[in-house]
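# Per-entry structural report
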Amino acid sequence: MDAIILQILNGLDKGSAYALIALGLTLIFGTLGVVNFAHGALFMIGAFCAVTLSRLLSLSHEVAIPGQVDFLGNPATRDVPYVYDIFGEAAGAAIIDWSVPLAILLAIPVMIAVGVIMERGLIKHFYKRPHADQILVTFGLAIVLQEIIKYYYGANPIPAPAPQAFVGSFDFGALIGFEPGTIIYPYWRLVYFAFAVVIIGAVFAFLQFTTFGMVVRAGMADRETVGLLGINIDKRFTIMFGLAAAVAGLAGVMYAPITSPNYHMGMDFLVLSFVVVVVGGMGSLPGAVLAGFLLGILESFASMREVLEIVPGLNQIIIYLVAIVILLTRPRGLMGRKGVMED
Amino acid sequence: MFGLDKKDGSLLLIVTALVIFAPFLLNPFPEGSALAQFNAGYPDLMQRFVIFGIFAIGFNILFGLTGYLSFGHAAFLGVGSYAAMWMFKLFGMNVLPALALSMIMSALFAVVIGYVSLRRSGIYFSILTLAFAMMSYALAYSVLATDMDGPTQQGLLQKGLTGGETGLQLTLQDPRILGAQTTADGNIPVPTLFGLEMRSATELVLGDWVFTFSAGYYFSAVVMLIAFYLSIRIFRSPFGMVLRSIKSNQQRLTYTGMNPRPYMLAAFVISGMYAGLAGGLMAAMDPLAGPERMFWTASGEVVLMTILGGVGTLIGPVLGAGAIKYMENIISKINSDILHSWFAFLPDGLEDFIVAIIYPFIGKGWHLTLGIIFMLVVIFLPGGLVQGGQKLAALFRRKKQEDTKSATTEPAE
Amino acid sequence: MGLLEVKDVNKRFGGLQALGNVNLSVAEQTVHAIIGPNGAGKSTLLNCLVGKLIPDTGSVMFDGQSVLGRTPFEINQMGISRVFQTPEIFGDLTVMENMLIPCFAKRDGSFALHGIRSVVSEGELRDQAEQMLEDVNMLDKRNMHSASMSRGDKRRLEMAMCLVQNPKLLLLDEPTAGMARADTNNTIDLLKEIKEKRNITIAIIEHDMHVVFSLAERITVLAQGTPLVEDTPENIKGHPKVKEAYLGEAA
Amino acid sequence: MNVRPDFSKNRNMAETAPAFLSVWDMHSYYGESYIVQGISFNVHEGEILALLGRNGAGKTTTLRSIARMDDPQVNHGEIWLDHQPLHKMTSYEASTAGLGLVPEDRRIIPGLTVEENLQLAQIAPPIGWSIERLYDLFPRLGERRKQEGVTLSGGEQQMLSIARALARDVKVLLLDEPYEGLAPVIVDEIEKTLRHIKEQGMTTILVEQNAIRALQLADRAIILDTGSIVFDGSAEEVLENDSLRAEYLAI
Amino acid sequence: AGHEGFTNAPTGSTVTLGFNVPQSGPYADEGADELRAYELAVEHLNGEGDGGMLNTFSSKALQGNGILGKKVEYVTGDTQTKSDAARASAKSMIEKDGAIMITGGSSSGVAVAVQALCQEAGVIFMAGLTHSNDTTGKDKKANGFRHFFNSYMSGAALAPVLAANYGTDRKAYHLTADYNWGYTTEEAVRSSTEAMGWETVGTVLTPLTQTDFSSYITPVLQSDADVLVLNHYGGNMVNSLTNAVQFGLRDRQVNGKNFEIVVPLYSRLMAKGAGANVKGIFGSTNWHWSLQDEGSKAFVQSFGTKYGFPPSQAAHTCYVQALLYADAVERAGSFAPCAVVEALEGFEFDGMGNGPTLYRAEDHQCFKDVLVVKGKENPSSEFDLLEIVEVTPVEQVTYEPDHPQFAGGALGSCNNGA
Ligand SMILES: Nc1ncnc2c1ncn2[C@@H]1O[C@H](COP(=O)(O)OP(=O)(O)OP(=O)(O)O)[C@@H](O)[C@H]1O
Ligand SMILES: Nc1ncnc2c1ncn2[C@@H]1O[C@H](COP(=O)(O)OP(=O)(O)OP(=O)(O)O)[C@@H](O)[C@H]1O
Ligand SMILES: [Mg+2]
Ligand SMILES: [Mg+2]
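Notes on the structure in this doc start here. Treat the numbers as computed from the prediction; the structure is a model and nothing was measured. (Residues numbered from 1 in each chain as written. Chains lettered and ligands numbered in written order. Predicted model: local features only at pLDDT ≥ 70, side-chain atom pairs only at ≥ 80, totals over all residues. Heavy atoms only, no water.)

## As for the coordination of the magnesium ion (ligand 3)
Residues and elements named next belong to chain C. Of the protein atoms, only S43 (OG) and Q85 (OE1) coordinate the magnesium ion (ligand 3), at distances of 1.9 to 2.3 Å. Placement of the pair is S43 in helix α1 (residues 42-50) and Q85 in the loop between β6 (80-83) and α3 (95-108), with a sequence separation of 42 residues. When its relative accessible area of 13% is taken as the criterion, Q85 is described as buried. (Donors = N, O, S within 2.8 Å, 3.2 Å for Na, K, Ca; no water. Helix = DSSP H or I, 4+ residues; strand = E, 2+ residues; numbered from the N terminus. Buried < 20%, exposed > 50% of the residue type's maximum accessible area, 1.4 Å probe, protein only.)

## Some words on the packing of helix α8 (residues 238-255) of chain B against α3 of chain C
Interhelical geometry of α8 of chain B versus α3 of chain C gives an angle of 95° and a closest axis separation of 10 Å. Between α8 of chain B and α3 of chain C, the angle is such that the two are roughly perpendicular. Note on element contacts: α3 of chain C touches α8 of chain B through E97, L100, I101 and F104 of chain C, opposite P238, M241, V242, R244, S245 and L253 of chain B. Looking at the contact of α8 of chain B with α3 of chain C residue by residue, the classes come out as seven nonpolar, one polar and two charged. (Axes fitted to C-alpha atoms, helices over the stretch in contact; angles between N-to-C directions. Parallel < 35°, antiparallel > 145°, perpendicular 65-115°, else oblique. Contact = heavy atoms within 4.5 Å. Nonpolar A, V, L, I, M, F, W, Y, C, P; charged D, E, K, R; others polar.)

## Some thoughts on the coordination of the magnesium ion (ligand 4)
Residue and element names in this part refer to chain D. Taken together, T60 (OG1) and E104 (OE) make up the full set of protein donors to the magnesium ion (ligand 4), lying 1.9 to 2.3 Å away. Of the two residues, T60 is situated in helix α2 (residues 59-66) and E104 in the loop between β6 (99-102) and α4 (114-121); the sequence distance between them amounts to 44 residues. One exposure class covers both T60 and E104, and it is buried.

## Comments concerning the site of ligand 1
Lining the immediate surroundings of ligand 1 are 21 residues, of which K42, S43 and T44 of chain C together with S153 and G155 of chain D lie closest. Neighbouring residues of ligand 1 are distributed over chains C and D. Measuring from an oxygen atom of ligand 1, one finds a backbone N or O atom of A40 of chain C at 3.2 Å. Between ligand 1 and H207 of chain C there is a distance of 2.8 Å, counted from an oxygen atom to a side-chain nitrogen or oxygen. Across the complex, the protein chains shield 88% of the 630 Å² of accessible surface that ligand 1 would expose by itself. Within the residue set of the shell around ligand 1, elements represented by two or more residues are β2 (16-26) and α1 of chain C together with α7 (154-166) of chain D. Within the shell around ligand 1, the residues separate by chemical class into five nonpolar, 12 polar and four charged. (Near = heavy atom within 4 Å. Polar contact = N/O pair within 3.5 Å; in protein donor to acceptor, adjacent residues only side chain to side chain. Areas by Shrake-Rupley, 256 points an atom, 1.4 Å probe, with all protein chains shown as cover.)

## A closer look at the state of the cysteines
Summed over the entire model, instances satisfying the criterion amount to one disulfide over all chains. The side chain of C338 of chain E participates in a disulfide bridge whose partner is C414 of chain E; the two sulfur atoms lie 1.9 Å from each other. One quick way to see it: the torsion about the S-S bond of C338 of chain E and C414 of chain E is about 105°, and its sign makes the bridge right-handed. In this pair, C338 of chain E sits in helix α11 (residues 337-344) while C414 of chain E sits in the segment after α12 (394-397), placing the two residues 76 residues apart along the sequence. For C414 of chain E, a relative accessible area of 25% corresponds to the partly exposed category. In this structure C48 of chain C is a free cysteine whose sulfur lies 18 Å from that of C162 of chain C, the closest cysteine sulfur available. We classify C48 of chain C as buried; its relative accessible area is 2%. (Disulfide = S-S within 2.5 Å.)

In short, geometric facts, not functional conclusions.
Now the structure itself:
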């Protein structure tokens, strides 16, 4: 029983990550109809916003340590971050410690800018082009973004830990009467979950309670006619792109403490997020979110030892298996709209 | 010629000529010169060009004609490779039966996957094929890789059906019931065509130039030419036309009395067999089959090759395949040392500067160059490399026309 | 008994009764027009005949066989071709290719794998197709990319595609809408001629009364999903209810 | 016949007032194909202009050019609407400037209900008729307001397309075959409406295959043939000139 | 003269080596470090630089004048850590550039694939970083050699240290990467710890592509395991260890004991990726720059001087392999693969950082001391993340050639190629 509760928690958490990434993707892919292979790269850039901020904050100057030598026998030095000099050691350390949450503030403008530039400079010219062209151009862009990050940050994962305050776990089990220490959950993951819920809610609200969503949907179905009705659809597409990039980036920032960012993390998530979006149903935001949680939970269950003993390797294929089953039983995924990318 | 019209006939002739003379054409620079780095006329790469050419031609029959974008085509490539390897392991090293089994197995897979996936269209189809390929990958990578003989046995299935991450390899213990288990000097035999070793090659030295003619390459090239010829025929056939009408308006087609499903399935299976053939050839040229051949990136690669070359054109996919494989194998091998030697004639400071500028794009930066080229091509050549060629030809023609025009009008003035 | 027998067909869309107890009999080798106000259910009725929609209840018999439960391509192979209200053609193909597809369907049935044979060598079918294009005055456009034709031309092309199949029953959903007057008249003549020559039965939906009255031998007036009257053109013209609800000043 | 309008800023506007919409030497292309080949004409405020011609003459292309759609490209020429240079605008700017187009293929937006299709037209100013008033004009739409627009019957879609144009406060209404697919009574109804809004000063360009009907409504007529104007004059003139009608309109 | 009858026999005044390392993909940084080591080795072989380990190497055959008097040149390629790409790249070095020896790599799959290729083509393969038993077990090849240690050795070296630190009454839970290296490592660690009295209470295979291990780690909480063994490498290890620490495993008490985590194969680059999470965690490594023998010091000195930071174990093994190859050619007096094989088989040497070492003839595996390390509590720099806990003597990690973990496969005979 407690094992199941734990896996549901895990699944919710994994699912919130999937849902959040898929949410950004579905804004562009499901709603604007652009096959955006650069979406993973946006997620990755978000994560590197966290890395970059923590690097910036830790920028330091060398201070010699008297009486010690380094591995080559030269006098040893110690790095002292500038923030220590500015804010004093305790405050400086706290600032560095909080660099991941602070990076959200950095990521929002950066990601919006990246998204807008990307859309204005490149994607804009591809709305009317075949999907094949969109694939090639966004894939090319993804590679370029990825290689730029690799050039500056290397290929190795770079740790970006959560603030000390979030280290440790919350004991759910004790709360609901299980043995303490059996159903625990790390604080940061709870934060991630809550964050995902907030972002998802905000995006929903924006698209649901404004005409923006309807206009963009209409624009995707028929740009020409929407233009005929006096609506500057280009502008709205740009906003949508910026929004999607910001969502992807924020997902990345918050994910950095969970897995150390590396330059190819975007590609690792890319295919999965396409699967999530499509299983959710093209053009459906709730679908994408639902599929994210569903796949996350199922994946968690499939990775239980008890399950693997019965069906070895199920954890490797579960997502794809579920995807196939869902797509065969429901023609347009969980809640897809008719006519979106069906040809 | 061969039932082709003039245009297609000359295209086939040109491709044949290019393929026959590839060892020369791809080795334009003398051995030892600074630019020799750009030579691509060595057997392995030439084989890759034609093999991936086959893969892309087959993919284009499905994608180019019907517009159905399969994102799991690499599964058939992998199946073809594994099938060929098992043929080598069990029966012997002749490549023809191996290729036959590759095509049969990939066709069977394609029938099953196609039958299921073709129930959906558009992106839903793409994701279904992707899911099947990724499942095949995962199974080949781990589940089918576990010891099936038990840990102490030293049998055939010691590393499972697929050999897992390491890949399926030939071993000295393979039965090879129709051929030699080992060669005279105690090694594993190599793939042959009735005794002609695929890896055998002769070299032609002409001054500073060294040209290699490899049996494996010419064998693959002949297979590719046949495959290419068949694809032209398919493109020009009623079948090809129906496939294009599916892409254009599937609804209308059903009201016109045709059942799109079997057409689609036929296209899917044919294209899967092309992929299987390519996979079998890969194993025949280099006897090892690994699961990464089925990973989504491998499927993505053939998509990119086709788009880069020009979707729906006959020769485009082959060009795209060549371009990507060239980048992967040639650009990735240029290291800073070589760069320095190229620009050694420049003053030191300038040399370092230029090297520093180029360096990010070569060697380990080859991906960056690839990405940039993808973007440049789609932006400036919406029809892929083929369109680039056409533009060039048109420019040439126009210039010629202008030349003749000015030549004739000038005296009058 | 007619070639086409529609009995007690009902079709609902949610709360809307699009067709209510429709009975219709189209005799062989006649032109039967179906007219009625917008949204009366005319197109819906045709959709039920070609397998695009399945009626909730009722039966549709064609040539003694039921069409219900059959797929659109099977129905077409039985000998029913349809022209749609908005032109449905193969936009990526040339006009000639558009014509050849129905020819293949007619000759080869719903599936035949001619993967190696060349389209160019299909002389007989090409002749047929060209003849048909000639008949609709479009031969000069045969190599045109069909998507880039004007709408009237698309209409004519679609009709040619249906006619070249030589169907037993031809269903036309406003075939002359948007067609220039001259072409409308040509079309009327063509349909008359073809009907005689090839023994084709035609069911036509039109709002253009000129076309209806020139062609139709019988007219069914549909209103709100139910047949109001069925009669000869002369009687329909004078029918007061029809006049009021549908024809207006045109009568 | 036509004088190039001069709308330069320092001129007195009154001087040029008569031409409300003015097209000057317009050349339009679909990619490489040269369709509209240098046409010029003026439309005066409150006038109904019939734009006639055979299938493929370039009527739709002309309207789309004026509405500043991406396709066709207008490579040369000027278009002025009430002193605003339309030729420098994109389609949404043109729409904001007071241009309304009812496209020939209706262009109902998939995925949106009838009401949403109408609401969409009222997002960007200027806003015209209220939705309720439009429902009064086309009660059918009111009944179907929650239905997805593309599932409407052909005629209902046409009504929606017209209603959508009226939902915006347009100065010039471009109608591309608005009667297509409509029952005769509805056509009468729309004609009445057009007369009515003309009285309120609406300027209209009407493309219609039913030339007689169009000419009876219109003040002036322009006949297009292969992308050029072959006649520009009063509507009565065309009605009276048999040879003209025979040559270009085949009626 | 005399150099003919084998693949790519060098004819001019130079000889070309092929360095086939991952330059893209997750191991690109490791590959870059390998490449640095190779460049350094070439320098030293050609008599440039300070000579590095040439000065401490027990064999004195190398003169610093290239190999057999031929200047050493090299070509590089990208394995992408994919067998296909690695083989393509190796083939191009052999077919196009005339490389006579291929070396490098950062994973066992690639090592096995390229080794088989070299066997077939008739060139020598000097494996880079490959730790799976199979490289010199099931998949061994006559033309292939491995200096790096393997899973068995890790297990054998770790077990006593674990027993000494954590006691012999422990319950271990294994998370194992679902591929070949994972299997052999799990098997090795299991059998050696079980021999110490530990009990294995669970083993779960995790997909290689996994990035979030939470659903694998939480079941550990519910088992009665008190040790978690992470048979993961690279990004897998970084992520699984990070996740394990996040879930508070290290602060747990089970059966009255502190919960412990073990990482059988450590690398400095991975330790860096995992950040503070590695502190106090045991693992094994082939070599570490803080070793104080003469050979290691000389290597660290020349590498550090050239590049400004200390070398990784991958760099070390690659450097040593290059030197060992050159030395074998020099001693054999020929580049012919079979002659080189003969010179390397049973070769004993010292001064290369791991004490006296044997290249065993039966399986072409090096036998040498193995290091057990622990994540350092107070690292002084980003390179100083591991501290050596014990240098396990070679006897303790030596096994019979027909040990069950290595059974199957055969070397075959050496191949000189064309
Ligand atoms: N898929 C659908 N869902 C809901 N209502 C529908 C659907 N299809 C048609 N209808 C409704 O059914 C009614 C009949 O439509 P139909 O297309 O048959 O009319 P019609 O007689 O062809 O009219 P028109 O002459 O305008 O083309 C219309 O009111 C239409 O709105
Ligand atoms: N998208 C397009 N690409 C290329 N050519 C086109 C395109 N659309 C129309 N044309 C061509 O432009 C010419 C004029 O077409 P247009 O649609 O303007 O005619 P029209 O007068 O509206 O005819 P109709 O009465 O049939 O609607 C036609 O010859 C047509 O073939
Ligand atoms: Mg209708
Ligand atoms: Mg038109």
